Structures are given as structure tokens and as C-alpha cells.
Amino acid sequence: ASFSQKTYAQRGEEHAHPLVKALFATMERKQSNLSLAADVSSKAELLALADTVGPYICVLKTHIDVVSDFDADLVKQLQALAAKHVCLSFDDCKFGDLGNTVKLQYGGGIYRIADWAHITNCHVIPGEGIIQGLAEVGMPKGRGLLLLAEMSSAGMLATGAYTDKNVEMAIANDFVIGFIGSRRFTEERDLITMTPGVGLHASGDALGQQYRTPKKIVTENGSDIIIVGRGIYGPGKDAVAEAKRYREAGWTAYLDRLGH
Ligand code: S5P
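Quick caveat: nothing in here was measured; it's all calculated off a predicted structure.

Overview of the site of the ligand
(1) Moving on: Residues in close proximity to the ligand total 15 residues, the closest being Asp39, Lys61, Ser152, Tyr211 and Arg230.
(2) Moving on: A distance of 3.4 Å separates an oxygen atom of the ligand from a polar side-chain atom of Lys94.
(3) Moving on: One of the side-chain nitrogen or oxygen atoms of Ser152 is found 2.7 Å away from a nitrogen atom of the ligand.
(4) Moving on: Burial of the ligand by the protein amounts to 92% of the accessible area it has alone, namely 490 Å².

Now the structure itself:
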């Protein structure tokens, strides 16, 4: 059977990567294929959002470099919240430089991403060396990498042969656990797809973002995890109510895919 036809629980049991096993187990237990994109710019806002929405998500996605009062204590508290709510941390670094440079960016600097983020991602524009550089830092720590095989924004250039190359590189590299993109890309091994640009109401923003529904992404396209940001915490929104709504929509779309 296609991976899209299997339950998250079954895929977790059959998967070789401990991080992916843990992710699928969490998804099944929390009945959630929702990742929160917590793009807020202060430490207090980020911690409050992570704590209130934590019960409804499987992955907390951050852009840690947008937090204006970042400090080491933020990381400590984020780790504690991830443990409390049993979700994985994903810092959306979108690395894009030479293997040697990304090693420094991923393992060091002030953010020390590899020390706390279970998942990060990269563009493969520099070639396979970027994966090898990141793997040197992340693999010994049990981390996982997503490749940006596609993007959600209008006019994005990751298409056709470039997307196909991403898939080839993912299959060939054990450090890669999946993709950012809009669909299932391969049946050769169980690589997860996480999809941003998901919204139940708006069709986009003023800067090129485009939203599609959980039904389109999960039921029809076979993606595994929906990433939702402003649909949950945007102006005037009740973040907990919206998180519950997106969790329900994502999970229903998954059950529909299974034919349940
Ligand atoms: O193609 C992409 C890839 C990513 S990771 N399009 C995206 O929107 N993202 C990220 O998903 C983006 O950086 C942001 O953190 C999130 C979408 O947020 P929203 O507020 O538009 O739901």
C-alpha cells in the first residue's frame, strides 16, 4: 500500500529513524497532524503561544531569529514546553549555503539550533554538500532534516527538475526525514511531507503567501502534516479555539484519506 494509505501509527512502527518514530507516535496519541508556525517576535509571546497551543500540535515550528529578546533561557523554556506537551521542535532555518558554512550556522552562533531543534530544513541550491554539512552536525545528535522541495508562495521557483532533484537527494541521504512541499513525493521510502500555506479562510497575504485547505493538502495530495501560523494566532483570533479547529480539520482530512 502507498504510505498515504497507512496509518501514522503503522508508519511509526515500521520507520527506522527514532525521531520519525517518535513523531508518528505523538501524532497518533494526540490525534494531531498540526504544526504551529509560531512567528511572533517576543520571548513572552512565543512562550505563551507554545504553552496554550501545545496540547493540540505535534510540531512547534519557530523562526528563532525573529525573537527580538532571544536568550539562552528561551531555549530552555521551549525545551521544557516541548517535553510538557510532547511535541517536536522545528526551527525553520532554510539553510542555503555551502556545507562548511551551514555547519557553523547550524551548530554554533548564538542560536545553537542543533542543540535543541529536533528538525530543521534547507534549500539544496548549493548541491548535496549542504546535506552532508548539516548531517555532520545533526546526525550524531539524532536530528532530522527536511528539504524545501517546493514552496507555498506565488511565483516560487522550486518546480519540475529542481523538485525532482530534491526527491533524489532525500532518498539517498539518511539524515533527510522528509520535505516541505504540497504533496507526497515518493513511495521509495517513508519521507514525510510538511505543508505550509494552509488556511481555512484567507486565500493569501499581501506578500505572496497562498493558502490551501487541509482537505486539499492531506486528503487529496497525501501530505502528512499541515503547518499553520496566522490562521491560528493572527489579529483578533482566539489561538486555542483556532488550534482546536485546525487540528480537527487536519485529522478529519487524514481519516478521510484512509477512507475511515
Ligand atoms: O514554502 C513555504 C515554506 C515555509 S517553511 N512557505 C511557508 O509559508 N513557510 C513557513 O510557514 C513560513 O516561513 C511561515 O513560518 C509559515 C507560514 O505561516 P502562515 O502565517 O502564512 O500560516
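Let's talk about unusual backbone geometry
(1) Moving on: Phi is positive for Gln31, close to 45°, though the residue is something other than glycine.
(2) Moving on: For Gln31, the location among the structural elements is in the loop between α2 (18-30) and β1 (34-37).
(3) Moving on: Positive phi is not limited to glycine here, since Arg112 has a value of about 45°.
(4) Moving on: Among the structural elements, Arg112 can be located in the loop between α5 (99-107) and α6 (113-116).

Quick word on the side chain of Asn173
(1) Moving on: Position of Asn173 relative to the elements: it lies in the loop between α8 (160-172) and β6 (176-180).
(2) Moving on: Looking at Asn173, the relative accessible area reads 12%, which means it is buried.
(3) Moving on: Once residues within four sequence positions are removed from consideration, Asn173 is found in contact with Glu128, Ile131 and Arg189.

A short note on the environment of His17
(1) Moving on: Among the structural elements, His17 can be located in the loop between α1 (8-14) and α2.
(2) Moving on: For the pair His17 and Asp69, spaced 52 residues apart in sequence, the C-alpha to C-alpha distance is 34 Å.

Remarks on empty space enclosed by the protein
(1) Moving on: The full count for this structure, using the stated rule, is 1 cavity of 30 Å³ or more.
(2) Moving on: Reported here for the largest cavity is a volume of approximately 40 Å³.
(3) Moving on: Lining the largest cavity are Ala50, Leu60, Leu78, Leu81, Ala82, His85 and Cys87.
(4) Moving on: With 4 residues, helix α4 (residues 72-85) is the largest single contributor of residues to the lining of the largest cavity.
(5) Moving on: A breakdown of the residues in the lining of the largest cavity according to their chemical character gives 6 nonpolar, 1 polar and no charged.

What to know about the packing of aromatic side chains
(1) Moving on: Within this structure, the stated rule accounts for 7 aromatic pairs.
(2) Moving on: The interplanar angle of 20° and the centroid separation of 5.9 Å between the aromatic rings of Tyr8 and Phe24 together place this pair among those described as stacked. A residue pair is termed long-range when its members are at least 10 positions apart, and Tyr8 in helix α1 and Phe24 in helix α2 qualify at 16 residues. As far as burial versus exposure is concerned, Tyr8 and Phe24 are alike and both buried.
(3) Moving on: When the ring of Phe95 is compared with that of Tyr106, the centres are 5.7 Å apart and the planes differ by 65°; the resulting orientation is edge-to-face. Placement of the pair is Phe95 in the loop between β3 (88-91) and α5 and Tyr106 in helix α5, with a sequence separation of 11 residues. By the burial criterion, Phe95 is buried, and Tyr106 matches it.
(4) Moving on: One aromatic cluster is present, formed by Tyr8, Phe24, Trp251 and Tyr254 through successive ring pairs.
(5) Moving on: The lysine or arginine in question, Arg245, covers the ring of Tyr246, its NZ or CZ lying 5.9 Å from the ring centre.

Parameters and conventions
Residues numbered from 1 in each chain as written. Predicted model: local features only at pLDDT ≥ 70, side-chain atom pairs only at ≥ 80, totals over all residues. Heavy atoms only, no water. Near = heavy atom within 4 Å. Polar contact = N/O pair within 3.5 Å; in protein donor to acceptor, adjacent residues only side chain to side chain. Areas by Shrake-Rupley, 256 points an atom, 1.4 Å probe, with all protein chains shown as cover. Helix = DSSP H or I, 4+ residues; strand = E, 2+ residues; numbered from the N terminus. Buried < 20%, exposed > 50% of the residue type's maximum accessible area, 1.4 Å probe, protein only. Contact = heavy atoms within 4.5 Å. 1 Å grid on protein atoms, 1.4 Å probe; cavity = no way out; pocket = protein on both sides within 12 Å on 5 of 7 lines; lining within 4 Å. Points joined across faces, edges and corners; volume = space filled by probe spheres on them. Nonpolar A, V, L, I, M, F, W, Y, C, P; charged D, E, K, R; others polar. Phe/Tyr/Trp six-rings, centres within 6.5 Å; stacked < 30°, edge-to-face > 60°. Lys NZ or Arg CZ within 6 Å of the ring centre and 35° of its normal.

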